[in-house]
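Coordinate inspection notes
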Amino acid sequence: MATYLEFIQQNEERDGVRFSWNVWPSSRLEATRMVVPLACLLTPLKERPDLPPVQYEPVLCSRPTCKAILNPLCQVDYRAKLWACNFCFQRNQFPPAYAGISEVNQPAELMPQFSTIEYVVQRGAPSPLIFLYVVDTCLEEDDLQALKESLQMSLSLLPPDALVGLITFGRMVQVHELSCEGISKSYVFRGTKDLTAKQIQDMLGLTKPAMPVQPVRPAQPQERPSVSSRFLQPIHKIDMNLTDLLGELQRDPWPVPQGKRPLRSTGVALSIAVGLLEGTFPNTGARIMLFTGGPPTQGPGMVVGDELKVPIRSWHDIEKDNARFMKKATKHYEMLANRTAANGHCIDIYACALDQTGLLEMKCCPNLTGGYMVMGDSFNTSLFKQTFQRIFSKDFNGNFRMAFGATLEVKTSRELKVAGAIGPCVSLNVKGPCVSENELGVGGTSQWKICGLDPTNTLGIYFEVVNQHNAPIPQGGRGAIQFVTHYQHSSTQRRIRVTTVARNWADVQSQLKHIEAAFDQEAAAVLMARLGVFRAESEEGPDVLRWLDRQLIRLCQKFGQYNKEDPVSFRLSDSFSLYPQFMFHLRRSPFLQVFNNSPDESSYYRHHFARQDLTQSLIMIQPILYSYSFHGPPEPVLLDSSSILADRILLMDTFFQIVIYLGETIAQWRKAGYQDMPEYENFKHLLQAPLDDAQEILQARFPMPRYIHTEHGGSQARFLLSKVNPSQTHNNLYAWGQETGAPILTDDVSLQVFMDHLKKLAVSSAC
Amino acid sequence: MNVNQSAPPVPPFGQPQPVYPGYHQSSYGGQPASTAAPTPYGAYNGPVPGYQQTPPPGVSRAPASSGAPPTSTAQGPCGQTAYGQFGQGDVQNGPSSGVQMQRLPGSQPFASAPLAPVVSQPAVLQPYGPPPTSAQVTAQLAGMQISGAVAPAPPTSGLGYGPPTSLASASGSFPNSGLYGSYPQGQAPPLGQGHPGAQLPPRSVPPQASSFTPSVSGGPRMPSMTGPLLPGQSFGGPPVSQPNHVSSPPPQALPPGTQMTGPPGPPPPMHSAQQPGYQLQQNGSFGPARGPQSNYGSPYPGAATFGSQPGPPQPLPPKRLDPDAIPSPIQVIEDDRNNRGSEPFVTGLRGQVPPLVTTNFLVKDQGNASPRYIRCTSYNIPCTSDMAKQAQVPLAAVIKPLARLPPEEASPYVVDHGESGPLRCNRCKAYMCPFMQFVEGGRRFQCCFCSCINDVPPQYFQHLDHTGKRVDAYDRPELSLGSYEFLATVDYCKNNKFPVPPAFIFMIDVSYNAVRSGLVRLLCEELKSLLDFLPREGGAEESAIRVGFVTYNKVLHFYNVKSSLAQPQMMVVSDVGDMFVPLLDGFLVNVNESRAVITSLLDQIPEMFADTRETETVFAPVIQAGMEALKAAECAGKLFLFHTSLPIAEAPGKLKNRDDRKLINTDKEKTLFQPQSGAYQTLAKECVAQGCCVDLFLFPNQYVDVATLSVVPQLTGGSVYKYACFQVENDQERFLSDLRRDVQKVVGFDAVMRVRTSTGIRAVDFFGAFYMSNTTDVELAGLDGDKTVTVEFKHDDRLNEENGALLQCALLYTSCAGQRRLRIHNLALNCCTQLADLYRNCETDTLINYMAKFAYRGVLSSPVKTVRDTLITQCAQILACYRKNCASPSSAGQLILPECMKLLPVYLNCVLKSEVLQPGAEVTTDDRAYVRQLVTSMDVAETNVFFYPRLLPLTKSPIENTTEPPAVRASEERLSNGDIYLLENGLNLFLWVGASVQQGVVQSLFGVSSFSQITSGLSVLPVLDNLLSKKVRGLIDSLRAQRSRYMKLIVVKQEDKLEMLFKHFLVEDKSLSGGASYVDFLCHMHKEIRQLLS
């Protein structure tokens, strides 16, 4: 097993891929009986400091329907200078440039360690990065001030030739012209009227100047002001201007009567931003960054009316079909998101407000375009400030950790078909021989567009084994999958990253053990969770839970060792042992439970769940809990109420929150001020230790988690209490020893109960 | 009779009295026209033997004049010069004769005499028919000495008018003989007889009123003459007359001139024949013409001579109406000035006719509104609608509620009744006024409008004195004055909220044309200083008015000029299809607070758009934006729009170029005056609701569709200014002057005007720049001191003589400081059961104001011809009614005009000839629409001078004399080529320089050494340090000061191309576009009247 773990880890590090199954069942029927689908988590741009891109273009299979890229799995005839495509078996001539190859003189793409390789495409003009700020001005004064400072700060982080633009909105939408001296100039739009892209371009006077832009002129690194639009200017030219402009930004001047919300035209502002980029820089990497401090209250995309007495929709309203504006607004933003995706741009949403801001309706904008979604209480918090700053963080080469306008293409060998993908992508609707009829996630295509991509973005990609039962794979045969990601690197180069992986086929009948041992329960848990969340987005919660439960039960039935009708005899092998626990926590997670979450929060959580890599996803599913005490070094402990002890400090990381919890005794000590007494310096250190660890997490995490420091009995302790397994509740409190752990006031079932039940069902022959 | 009426006022004239009597009767009565003519003179002279004496001079003049005419072709100057040569007197003659003439007219139908002749002769009418005969005429003319010269003229003359007159006189003599053979003979005899006969008698008459009779004389003959004759006659007369005016037989004319010189003796007759037209019209000529005529006796001989000369046997000298004998506006104005200018006009008495608008007088308010606020067509209203219908005299009041007063007169007192607000009648809601009757010891008052008895509120109670008057009557403006103001309470305010001070928004076209012409730069520069002069109330330190700025081409640019900003911010709104205001705070600002930002903005606007290549503009969205801005700011206000071109950009209110001159004189002509789409009306309605007044400054290089663009200004009480082909160098002063005035003038906003009347009459129709959503309330988004509303009344019941008729005009408005006020004007009129009383208390100027507005509105819905005919018919009916019911019996051939209306024909003719009703070839559709809407809100003084321009000789009176020179009649004949004249009509200002002006004068006025060096079309006189230059420039300045719009000066040289333009304003002459000359029109009118009477 250890070998498999290593294998998995090694593969992940090299290729950014983790499969649910690392040995594949060789027939369709068998595959479906495995319960967990054959799928993988792919991190297309996984950072590979050891992988320098090659400065030439890939060699393609000449079969028009295949066009797979030459890779280490291909059979090469060095003498004939031929290579055979491992997907379609087409024999291809090497291009003239490869005339010199031989067994000892191989191009990189043929070396096994380059199963993932990156090519730099030299053709085409490098287009500058574009950042379009869309800023809500209906903010409180200090919020706006903080936001303005953040924005000004961000200017210094942008590469000098990046183009920036500014749109502000409140009751009206203003598109600021950045090139002008003296009078600052802006185009104003009514916040209540939806406009077509053409209208917007006409009104911005882009129609004429846009013409010369269209034919992308070859490589002239020097941006010409005449070419770029008046609204998007290279930062080095208008740095001062824009800084001043941002500095002068005023709160929306329209009076807000008592009892009303400010009129906020987010829908139109976004629509204009999309239209502006669509007209000026289609198919060029661009980020629309929406900063909003409240829900859209007018115009297309409005989420709530301006009457304060009517609260914004809650899950309760949605269930009762009481959310008046939701469907229309969602439609509006979906339309925008699709247009944006079609143009290769992405939309970020930075929503900072105490109440909801309509993320539920707007979620598709970042979700479909690969943008970020950040939710905070105020722009004047370090959560926002740090997070925002982190967007512009750079990699070891000094490039932004972001890529634009990516397309991901998946090619499979004949026995496989691709069923779909789940992640921040949209379908490109490319049908092909390797596209499955069955859809899991966004399916029906072999290509997806991912408009904004960073090195941690991870997609779940689902496959279907199509090999018929009676046509088994020859022993030792391997199935291959090639992932081809075209994207615009933040250095403005176009690049292609190619990852080609292969796994062994195995006959289930004879080699179940192999398959079992090659099961990656972590990847499987995340992949199943993605499927569940994807379903939850469109279906009712209980159905999803039931589906998950059934899958779990079936899996246990399939791979558990037990005697029929004897729950006590039930055992799972090591490779499956953690899986039920993941499912237990997943069921309780905010991705599937909406109770106690606002629709916005749910959307926010789900957004991140659908794009983070495996490690982070697992943290989201099952938060990590560390315990600090005088008894020894910090240790991970069970996410269980029994871990909450009076003399411990707990550090919980749920991805979205970092909670430091002081046990009752610790809290009393601290109150008594022991930490300030020299003789209790060790106590001071103990208090400090989790803080330092938390800081470490905070430094790396994007988005920045909410940092909560609480103690026994503190109101914020609820964040911890809601996550731990309620092994002790008010119901069974006295059944357990008094001194161990803290009871949770809940009716939720505990893991023990859940497992007992699961065993019972698994061994039952009823299902 | 006119006499009577006129008599009283007229006395000054002198002879008049005797004359009058005489003349009414006699004149019309049956004097053969020809004879009549003479007689009149006789009459005048009558008084004077001098007359006879004059003859000699007359003769001499005659020739001169005649000479002139011949030279004719219009060159007045030549003629005059000629005159000059002839009779030293010429000039003097002119004047002198003129004076005499005028008197005559004044007293009598002046004209009557001449008219009569003309009129009398159906011939006149025929002429119309005949016009075609022009050919004949020409032929005849050819026959005539004038021949060649004349020829061209006739065609132009076209109209019958011309000929007839001439015919009358000449008729018998030549042409007929030749052409008409038969007719002539037959007629001739009669004529001849007629003449003699007529003449003779008249002469005898002279002492009495004789003078006019002559005119009549014509009548008799004419009949016989009938059609044919006329034409025939025309030979002599018509052709001449026409030619003279119209065309330019000039060259030939010159020769005549030469003759002239010689003429004294014999030639005169010749000329006379030819000149008829001329003579009549020309001052100089007159003398002479008359000479012969008047002398009938002698003339006859003359005639004979003519006859002889022409060859034709029958030598009836062509007789024509003597222009000097027909009513002269100049004389009327002068007389009124002399008679009534010195005493203040005290308004205490009911039904007093105020002095003419041309007279300077002071007003003392003693209970009735000053005529500066209200003028009526008649101050004595018929008691019954039957009477009113019979008379056809429109009952109308021209109201200028916020009229500016001369500094000597106090503006209306403001009365504050505190919380309770102004006291009103419970039933009809009329406001407390001096006519309310307090009863029951002062505890109640009876409404003077509806007779309702109301309680007097306790706090308003006051005891009555023995006359039944309240003891405090003289302490309370509302009980003792005709005009006063109430402070309005919150009930009178929109939404029951006291208004916010209004705002001005400057909306500047920055398209290519505007920038290139220099307009944008000029305007921005000017605004910087102009903003210090926004209207303020009373002694306020600074104006309460806030300002905002917008520029636009096919998109709009709003500016944030908030005082806290370092730089203005521009906000572009390109969604013109759905206009909105992009900002609230910082758009409308106090000038002083935001001065630095505003200055910076105005500095930058010209720079920002210096390189614009945008030529398309929008229009409706601009207004919409301004209106929305005011709406957002919840205030009333005014938009100043500076616009250059037809709005063709894609937007609401987009217009097409639909200028089609082919439509003129068709039934579709009215479409040229109608707006292209209803969108602008809708927009205007919204503006009115918001109290958004729009002033439009147009700078078109081509057709901009003024008819459509002016809809909103028109309906919101705004003004339109138009500067065609604007160039900074030439038009800067005019534009800036207008702009300054427009920005600075005191304005009332968001106004509602209601006119209440006593039971019996009712305001039924309103004319002016405003909007009405119901039938009684005149809604004005803005109202300034120049805007006038004309209100027509109709009977709905009987009035009685004892109570008279009362008018109360109440205007509720927001002052420029944001105060809500009510201005009340009261006027009491008399009522009559006798038509004569009506005619005796009419005011022709006001009548013309009404009729012009009525007609100008009519062109929107009817063909222009119909409108013209309606006017003529109405005028004829008015005069016929008078003739029938008020004039003493006299011959039908006599034209008798009521004294108060004796100028009605000449003025009406001017209206008919105006470019709206009879466009010349050079008048653009836009010009017509512009003038049409302009006239709509003119007051009486403006219409007066607009339709009958003032022509001021500059070099006749001694240089030292600094008073305004007496005007002369607007006819080419009155121009002498040795003089310089100023002509103004409130919009245009010409300086006409005669070709023979002394070199010294040229030098001192223009700074060049000779006539030929004067730049034609010059618009500024050089500043030279000499008396004449100072005087002329001073005069020009004072004229400009009198008018609400800056008049750009155009120097016109005699015989220069520009002279055509100038001649258009010589309204007594036949116009190039076919308008009748005064004389001809008078004849036509006479004919119409006669037809009505028969």
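Residues numbered from 1 in each chain as written. Chains lettered and ligands numbered in written order. Predicted model: local features only at pLDDT ≥ 70, side-chain atom pairs only at ≥ 80, totals over all residues. Heavy atoms only, no water.

1. Looking at the pairing of strand β22 (residues 494-506) of chain A
Regular strands have side chains that alternate between both faces of the sheet. All names here are of chain A. What counts is decided by this rule: Buried means the residue's accessible area, taken with a 1.4 Å probe over protein chains only, is under 20% of the maximum for its type, while exposed means over 50%, and partly exposed covers the values in between. Here a helix means four or more residues in a row that DSSP labels H or I, a strand means two or more in a row labelled E, and each is numbered from the N terminus. Only when DSSP finds a minimum of two bridges between them are two strands counted as paired.
Buried residues dominate β22, accounting for eleven of its 13 residues. Relative to β22, strand β2 (residues 23-25) runs parallel, the two sharing three bridges. Along β22, the bridge assignment pairs Val23 with Asn504. Both strand β7 (residues 116-121) and β22 contribute to a ladder of six bridges, which runs antiparallel. From the neighbouring strand, Tyr119 faces β22, where its bridge partner is Ile496. The sheet contact formed by strand β21 (residues 478-488) and β22 spans eleven bridges and is antiparallel. Paired with His486 across the two strands is Ile496, which belongs to β22.

2. Brief notes about the UniProt feature "domain: Zinc finger Sec23/Sec24-type" (unreviewed entry) in chain B
Counted only if it meets this: UniProt positions are given in the numbering used here, feature names are shortened, and annotations may be inferred rather than shown by experiment.
Here, the residues flagged by UniProt with the feature "domain: Zinc finger Sec23/Sec24-type" (unreviewed entry) are residues 422-460 of chain B. With 0% helix and 23% strand, residues 422-460 of chain B has end C-alpha atoms that lie 11 Å from one another.

3. Here's the deal with the domain arrangement of chain B
Residues and elements named next belong to chain B. So the rule is basically this: An automatic or database domain assignment provides the domain bounds reported here. Contacts are assigned to residue pairs that have any heavy atoms within 4.5 Å of one another. Buried area is understood as the total, over both parts, of accessible area removed when two parts are fitted together, assessed with a 1.4 Å probe. Any carboxyl oxygen of Asp or Glu that lies within 4 Å of a side-chain nitrogen of Lys or Arg is treated as forming a salt bridge with it. Side-chain atoms alone can form a polar contact between residues adjacent in sequence; in general such a contact is a pair of N or O atoms within 3.5 Å, and within protein one must be able to donate a hydrogen while the other accepts it. Three categories are distinguished: nonpolar for Ala, Val, Leu, Ile, Met, Phe, Trp, Tyr, Cys and Pro, charged for Asp, Glu, Lys and Arg, and polar for the others, with Gly belonging to the last.
Along its sequence, chain B is organised into domain 1 (501-744), domain 2 (843-948) and domain 3 (949-1066). One C-alpha centre belongs to domain 1, the other to domain 2; they are set 35 Å apart. Counting residues at the interface gives 21 residues for domain 1, matched by 22 residues for domain 2. Of the roughly 1800 Å² buried between domain 1 and domain 2, counting both surfaces, carbon and sulfur atoms make up 52%. The tally of links between domain 1 and domain 2 comes to two salt bridges. Of the charged contacts in the structure, one is a salt bridge between Lys722 and Asp927, with a shortest N-O distance of 2.4 Å. Linking domain 1 with domain 2 are twelve residue pairs in polar contact (both at pLDDT 80 or more), by the criterion used here. For the side of domain 1 that touches domain 2, the secondary-structure elements that each account for two or more residues are α32 (706-709) and β18 (720-722). If one sorts the elements of the side of domain 1 that touches domain 2 by residue count, β18 sits on top with three residues. A class-by-class count of the residues in the side of domain 1 that touches domain 2 yields nine nonpolar, five polar and seven charged.

4. What about the sheet that holds strand β26 (residues 980-984) of chain B?
All names here are of chain B. Short version of the rule: Note on definitions: angles span 0 to 180 degrees between N-to-C directions of axes, and those axes are lines fitted to C-alpha atoms, for helices only across the stretch in contact.
Read from one edge of the open sheet, four strands run β25-β26-β27-β28, paired in mixed fashion. Strand pairing shows two members of the sheet lacking a second neighbour, β25 (950-953) and β28 (1048-1053), which therefore form its edges. Recorded for the sheet is a direction-independent mean angle of 20° between the axes of neighbouring strands. Sheet topology note: the β25/β26 ladder contains four bridges and is antiparallel. Following the sheet pairing, Leu951 is matched in β26 by Leu983. The strands that helix α41 (residues 999-1006) touches are β26, β27 (988-993) and β28; relative to β26, the one it contacts most, it runs at about 50°.

5. What to know about helix α18 (residues 614-621) of chain A
A large share of α18(A) lies buried, amounting to seven of its eight residues. Where α18(A) is concerned, the buried positions are A:Leu614, A:Gln616, A:Ser617, A:Leu618, A:Ile619, A:Met620 and A:Ile621.

6. Some remarks on the UniProt feature "domain: Sec23/Sec24 trunk" (unreviewed entry) in chain B
In this structure's numbering, the residues bearing the UniProt feature "domain: Sec23/Sec24 trunk" (unreviewed entry) are residues 499-743 of chain B. Secondary structure across residues 499-743 of chain B comprises 33% helix and 20% strand; the distance between its end C-alpha atoms is 21 Å.

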